[in-house]
Each structure stands twice: as C-alpha cells, then as structure tokens.
Amino acid sequence: MSLSLPSIKAPHSSLRYTARSPTRNLSFVLSFFLIFLFLSCHALAVTSIRVDVIRQPIPSFPAFHEAPAFRNGDACPKPVLSPDARIDISMTLDANYLRGTMAAILSILQHTACPESVIFHFLATHLDHNVVASISSTFPYLHYHVYRFDSGRVRGRISRSIRQALDQPLNYARIYLADILPLDVRRVIYLDSDVIVVDDIQTLWKVDLENHVVAAPEYCHANFTKYFTETFWHDAELSSTFKGRRPCYFNTGVMVMDVEGWREGGYTKIVEEWMMVQKHKRIYSLGSLPPFLLVLAGNIKAVDHRWNQHGLGGDNWEGKCRSLHPGPISLLHWSGKGKPWLRLDSRKPCSVDYLWAPYDLYQSSSPTLEE
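Figured I'd write up the structure that's included with this text.

### Here we look at the overall build of the protein chain
Each helix and strand counted, the protein chain has 13 helices and ten strands in total. Looking at the protein chain as a whole, 46% of its 371 residues qualify as buried. A separation threshold of at least 6 residues defines the contact pool for the protein chain, and within that pool the share at least 24 residues apart is 74%. Of the roughly 20,100 Å² of accessible surface on the protein chain, 54% is carried by carbon and sulfur atoms.

### What to know about the nonpolar core
The nonpolar side chains of a soluble globular protein tend to be buried, and buried together. The biggest cluster of nonpolar side chains holds 49 residues, and the ones touching the most others in it are Ile89, Phe120, Phe139, Leu191 and Ile201. Apart from residues lying up to four places away in sequence, Ile89 is in contact with Ile108, Val118, Ile119, Phe120, His121, Val188, Ile189, Leu191 and Ile201. The next biggest cluster of nonpolar side chains, apart from the first, holds 48 residues, and it includes Tyr176, Val213, Met255 and Trp274.

### A look at the packing of aromatic side chains
Applying the stated criterion across every chain yields a total of 20 aromatic pairs. For the ring pair Tyr219 and Tyr249, a centre distance of 5.9 Å and an interplane angle of 40° mean the geometry is tilted. Linking Tyr219 in strand 6 (residues 214-219) with Tyr249 in strand 7 (residues 249-250), this pair joins segments that are 30 residues apart in sequence. Each member of the pair, Tyr219 as well as Tyr249, is classed as buried. With centroids separated by 5.3 Å and ring planes inclined at 35°, the aromatic side chains of Trp262 and Tyr267 adopt a geometry described as tilted. No difference in accessibility class separates Trp262 from Tyr267, as the two residues are buried. Cluster of aromatic residues (ring-pair linked, three or more members): Tyr219, Phe224, Tyr227, Phe228, Phe232, Trp233, Phe242, Tyr249 and Trp274. Between Arg71 and the ring centre of Tyr141, over which it is positioned, the NZ or CZ distance is 4.6 Å. The ring of Trp205 has Arg187 sitting right over it, with the charged end atom 6.0 Å from the ring centre.

Reading guide: rules and limits
- Residues numbered from 1 in each chain as written.
- Predicted model: local features only at pLDDT ≥ 70, side-chain atom pairs only at ≥ 80, totals over all residues.
- Heavy atoms only, no water.
- Helix = DSSP H or I, 4+ residues; strand = E, 2+ residues; numbered from the N terminus.
- Buried < 20%, exposed > 50% of the residue type's maximum accessible area, 1.4 Å probe, protein only.
- Contact = heavy atoms within 4.5 Å.
- Areas by Shrake-Rupley, 256 points an atom, 1.4 Å probe, with all protein chains shown as cover.
- Core = buried A, V, L, I, M, F, W, Y, C linked by side-chain atoms within 4.5 Å.
- Phe/Tyr/Trp six-rings, centres within 6.5 Å; stacked < 30°, edge-to-face > 60°.
- Lys NZ or Arg CZ within 6 Å of the ring centre and 35° of its normal.

Below, the structure written as structure tokens:
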C-alpha cells in the first residue's frame, strides 16, 4: 500500500513580494508556514494509523522441516516399485490433520527396511495445492498419488454422530478405496492420520488374510452391544445380521484390505445400505465405524494387538489422558477427541503425547515446551 501526502498549491499572486507592505508580507508567509506545518502533521498522523493496519499478522500455511532421505536396505526386492516389492498405504489428506499426516509418514519411512518401496495413496475432498506442495517439499523422495474423493457420494447417507469430526465426508472415504484406487493396487494398508508406526510396516503388509477382505486387531473383550442402539438390538430382523458370527470390535483406523476382494464382493454397496438404514432408524451413533462392524465384525483376519495401540486420544467427549495398554507396541493411535499436536501446543500434553513429539516436523514460531 502506498501513502500519498497532501500537496499544497498556492496562487502565484499570494507569493509575490510587495515592498510597500513588509508587515503584510511577513504575516502572509508566517500564516502559510503554519498551515503547511498543520497539514504535514495531520498527514503524519494518518500515516501512523495506516501503517498499524498494514502490520497486522497475515495467516500463512504451516511450514514443515524437510525430512531426511530414506533408502532401501540391500535385502529389499528390486526394482523397488515392482509388484513384489511395493507396499501400498492409503491415508486421507486434510489440511486440519496435515501435521498428524506428516508425522505418520515420517514414522513409517523411518522404521521400515524398504522405505523406497512404500507408495502412499492420499484421498482428498479437494486438491489443495498448498497441502500437496507441503508434502513434496517435506518428503522430496516420496512416492505418492493424490485422488479426489467425491463427498457427494456420502452426503445423503451421513447421519449425525456423537462428535462433529466423525461426520466429515472424508471420514467415510475408506469405504470407497476399491472404487478410487487404480486396478494395479490389489492390497492396501489404510491408516488414520493420528498414528505413529514404530515397527517395520512390512510386517503388517505381509499378514495372511486367509480369504478375508480385511485384517485388523480384534478386541473381543470389548462390550460390543454399546456400538448400537436399543432400537437395533430390539429389532429381530436387524440384529439377525450377526447370526452365525461371533462379532468383535475392531478399529477401522488401521486395517489391511484386499482391494480386489472388496470390489468383487460388492462390499461398498453393502456398507451403503446399512448407512441408509441408519438414516431411517438410528441404529448407531459413532460415525463410519458401525457400518463396517455390521458388515465385517466376526469375519475379519485378526492381527496382533500391537498393531493398534488405540484410544490414546481419550474418549469422544472430553479426550482425557489415557495410559498405554500393557504389551509390545508396533503402532500408536490417538483415536478419540484429543490429538497430540493440539495438546502439546496448548501446553497441556498427556504423557503419551511425548511419544508422538519426536516425529513432529512442524516448524513452530512459538517457544517449545522445553523453552
């Protein structure tokens, strides 16, 4: 913004010197000087006000440190992206969760023996060039693709849940992986953006699905009935969907999917049908998870619990701190309301959030906790 000072142009006749009236001439010059001084001061005052407005902080897109380049070990299959070597991982891409996504990517690359063989498939409701540019600059050597997820596919099927974040269309994109990913992706690991992997992702990738379309840690000790309403359980026809199965809770934020099997079995349509039942009868209240349970609970390949140490974000209402479950850990998952980057920034972190912090690539302009 440029600032123009007011100009003063006096008539030539007023500046003429008259020998016969020295007092009058001096008075005129003095008056002229005072007027000029007043206008100049007024212009300076205006200047200071306008500069204050210009200097207000302008919001900018978050910046991230560039991650180191990770290379494959000698034992990794070659070529690095051949069908026998590649590891396909899918995540959603949302500016609000980008900091978590960056940390998750770093943790995966850092702990696998074959980082160059990992291909990321990101799903986004719109292609935000700032987000894509951030990924490219933070991970210059990363193999990745970004696919647009049409939120219109689920808008008429989403029912209000217990937390607004669970109602976002992108939260349902995992249902459509088989429709979005290219045909050469036969298997994929789906991960939420609030995870950290502390083991070689190849171990999860190589799990034997045993003719199941999904593999995930299974929790049969959990109270499965709480994931559905009394309306559901009191309806004999609806609840009979679990007949012949021993349904157990599993978390869809970490799962291995047989993409071909999902597509051939028409699972997307089956899940959508349950979502429409929900619109009319209100049979659950927890976002995209229950329709997965309705279709697959009791019929998945169970994976070791170490691959989803979930619930670290607390519950869906208050996000209170939780401790780690006993046993070995390969993946940490901040499912729930509390996210580690938000709690760290607010200087009210939970103890488990310090396990996430070493993978945070965010360039903060504020002092760190240690400072």
